[in-house]
Amino acid sequence: MSAPQPQRVIPLHDHRPQALAVPEIAYQAQQRSSAHGELADQRGRALRDLRISVTDKCNFRCNYCMPKEIFDKDYAYLPHSALLSFEEITRLARQFVARGVQKIRLTGGEPLLRKHVERLVEQLASLRTPEGKPLDLTLTTNGSLLAKKARALKDAGLQRVTVSLDALDDTVFRQMNDVDFPVADVLQGIEAARSVGLGPIKINMVVKRGTNDHQILPMAKFFRGGGLILRIIEYMDVGATNGWRMDEVLPSADVIARLQTELPLVPLQASQPGETAQRWGYADAHGRFDPSLGEVGVISSVTQAFCSDCNRARLSTEGQLYLCLFAGLGYDLRSLLRGNATDADLANAIGHIWQGRSDRYSELRSAQVPDTGAARKRVEMSYIGG
């Protein structure tokens with residue numbers, strides 16, 4: 001007789017924690033340093049990547065992100081007045097770019113639920129780095145509205161998209177999104193994005209052992225050779241509502257081993273500093289990387305920490321700045337925006353906060369006994385994006 005499975009306990013609490021006030025010294029005129037120039041945190045990591053959540057709403061109820069038993073019909077989302085306006089987002093983004101950010105990713109919730117989000121894309125696309133270069137401007141979506149929005153996003157200046165897709169099998173996919181949404185509609189959105197030139201397109205697959213791990217090979221075979229990049233992500237202990245358990249994590253090493261049984265792979269170099277995915281290229285009959293077959297990536301968010309070169313900051317829907325995906329609190333930049341802060345004040349606050357950063361949650365977690373995340377309150381992924 002098999003041992004009983006541990007009960008899934010989902011703590012009930014406010015999933016939008018209070019923000020940390022930005023220390024006054026960070027933006028007072030007499031303490032002001034240069035509002036331009038690259039930043040390094042306490043571990044020497046540069047600020048390069050800003051992820052901006054534009055809504056806390058999503059039309060899916062994936063149980064690893066927004067489980068239906070918590071985010072039900074009575075869940076109170078943020079009022080529109082609490083959300084940063086497009087102009088506020090762009091004003092902040094301009095200061096981040098001045099301090100070294102080269103890439104901006106729009107996230108959610110589901111970012112395409114934000115009304116007229118293409119107007120924000122257009123504003124962000126006009127920004128330039130201190131060297132005069134355009135930003136790497138991208139967006140992560142569940143694909144449900146992508147067929148309708150792809151052309152407008154491209155015309156507004158979006159360069160590429162990442163689409164979350166956890167299974168090709170329609171029954172499995174409907175169970176995982178928990179709103180009975182068909183996989184065919186997501187594939188239609190991917191094709192629409194490809195047709196307008198939003199690429200290279202990446203496909204993010206979160207794998208839960210025993211739920212969709214049997215979809216790894218079918219997904220890889222489907223996207224292999226099609227010009228799209230599949231990235232397989234370990235199920236993470238983000239937030240406190242997804243009932244995370246270590247025994248549901250399929251390590252990336254096991255993922256690669258499964259792929260290798262039918263699809264020979266060769267390791268590839270990282271394409272840029274701070275890249276989260278380990279890249280593998282599909283090999284030809286001679287064991288060499290064949291670019292025409294493309295590549296696959298694995299993101300070992302649990303089993304192999306990549307804190308050492310993490311260059312990402314996250315801006316929540318209501319203007320809180322988080323320095324780690326697993327953080328418990330963010331810094332309240334909205335109060336500065338809606339107060340009397342100048343652009344120099346904002347830039348100096350960003351610099352002060354980043355230079356004090358020492359976060360390395362994944363490294364610390366790997367050195368400890370894994371837990372369910374219940375003991376340490378963390379921000380929900382649906383609130384700040386992935």
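Each remark here, short or long, concerns the structure printed above.
Because the structure is predicted, anything quoted here is derived from the model rather than measured. (Residues numbered from 1 in each chain as written. Predicted model: local features only at pLDDT ≥ 70, side-chain atom pairs only at ≥ 80, totals over all residues. Heavy atoms only, no water.)

Asks: What am I meant to see in the pattern of salt bridges here?
Replies: It is possible for side chains of opposite charge to pair when their charged atoms get near one another. According to the stated counting rule, one finds 18 salt bridges in the structure shown. With a shortest N-O distance of 3.8 Å, lysine 103 and aspartate 49 are connected by a salt bridge. In this pair, lysine 103 is assigned in strand β2 (residues 103-107) and aspartate 49 in strand β1 (residues 49-53), connecting sequence segments 54 residues apart. Each of the two residues, lysine 103 as well as aspartate 49, counts as buried. Across the pair arginine 334 and glutamate 318 runs a salt bridge whose closest N-O atoms are separated by 3.7 Å. Within this pair, whereas arginine 334 is found in helix α8 (residues 334-337), its partner glutamate 318 is found in the loop between β10 (312-315) and β11 (320-322), the two being separated by 16 residues in sequence. Arginine 334 sits in the partly exposed class, given a relative accessible area of 21%. The buried category is assigned to glutamate 318, whose relative accessible area is 11%. (Salt bridge = Lys/Arg side-chain N within 4 Å of Asp/Glu carboxyl O. Helix = DSSP H or I, 4+ residues; strand = E, 2+ residues; numbered from the N terminus. Buried < 20%, exposed > 50% of the residue type's maximum accessible area, 1.4 Å probe, protein only.)

Asks: Explain the packing of aromatic side chains to me, please; I cannot follow it from the model alone.
Replies: Given two aromatic rings, one states the distance between the centres and the angle between the planes to describe the pair. The full count for this structure, using the stated rule, is five aromatic pairs. For the pair phenylalanine 60 and phenylalanine 173, a centre-to-centre distance of 6.1 Å together with 75° between the ring planes defines the contact as edge-to-face. In this pair, phenylalanine 60 is assigned in the loop between β1 and α1 (86-98) and phenylalanine 173 in helix α4 (residues 170-177), connecting sequence segments 113 residues apart. Joined through ring pairs, the aromatic side chains of Phe60, Phe173 and Phe181 make up one cluster. Sitting over the face of the ring of tyrosine 235, lysine 208 holds its NZ or CZ atom 4.8 Å from the ring centroid. (Phe/Tyr/Trp six-rings, centres within 6.5 Å; stacked < 30°, edge-to-face > 60°. Lys NZ or Arg CZ within 6 Å of the ring centre and 35° of its normal.)

Asks: Where do I start with the nonpolar core in this structure?
Replies: Considering soluble globular proteins, one finds that nonpolar side chains tend to be buried as a cluster. Core analysis: the biggest nonpolar cluster contains 102 residues, and Ile104, Leu106, Leu165, Ile203, Ile232, Leu259 and Leu333 have the highest contact counts within it. Excluding anything up to four places from it in sequence, leucine 333 contacts Val22, Leu92, Phe96, Leu315, Gly319, Leu321 and Ile353. (Core = buried A, V, L, I, M, F, W, Y, C linked by side-chain atoms within 4.5 Å. Contact = heavy atoms within 4.5 Å.)

Asks: How should the pairing of β10 be read in this particular structure?
Replies: Sheet faces and side chains relate simply in a regular strand, where the side chains alternate between the two faces. The two faces of β10 match: Arg312 and Arg314 on one face and Ala313 and Leu315 on the other face are all buried. Here β1 pairs with β10 via four bridges, running parallel. Directly across from isoleucine 52, in β10, lies its bridge partner leucine 315. Taken together, the two bridges between β10 and β11 define a ladder with antiparallel strand orientation. Paired with leucine 315 across the bridge in β11 is leucine 321. The turn joining β10 and β11, which pair antiparallel and follow one another in sequence, is formed by four residues; a positive phi near 85° is taken by glycine 319. (Pairing = 2+ DSSP bridges.)

Asks: Help me understand the packing of helix α2 (residues 117-125) against helix α3 (residues 146-156) in this model?
Replies: Each pair of packed helices can be described by the angle between their axes along with the distance between the axes. The contact between α2 and α3 brings their axes to 8 Å, and the two run at 20°. The orientation of α2 with respect to α3, classified from their angle, is roughly parallel. Our pair here, α2 against α3, has a crossing hand that is right-handed. Side by side, α2 and α3 meet where Val117, Glu118, Val121, Glu122 and Ala125 of the first sit next to Lys149, Ala152, Leu153 and Ala156 of the second. Of the residues in the contact of α2 with α3, the class split is six nonpolar, no polar and three charged. (Axes fitted to C-alpha atoms, helices over the stretch in contact; angles between N-to-C directions. Parallel < 35°, antiparallel > 145°, perpendicular 65-115°, else oblique. Left-handed = near helix turned anticlockwise from the far one by under 90°. Nonpolar A, V, L, I, M, F, W, Y, C, P; charged D, E, K, R; others polar.)

Asks: Would you explain the sheet that holds strand β12 (residues 331-332) in this entry?
Replies: Where strands meet in a sheet, backbone hydrogen bonds hold them as pairs that are either parallel or antiparallel. Judged by pairing direction, the sheet is mixed, and its twelve strands sit side by side in the order β7-β8-β9-β6-β5-β4-β3-β2-β1-β10-β11-β12 without closing on themselves. Edge positions in the sheet fall to β7 (265-267) and β12, since each has one partner strand and no second. One ladder, built from five bridges, connects β1 with β2; its direction is parallel. Note on β2: the bridge partner recorded for serine 53 is threonine 107.

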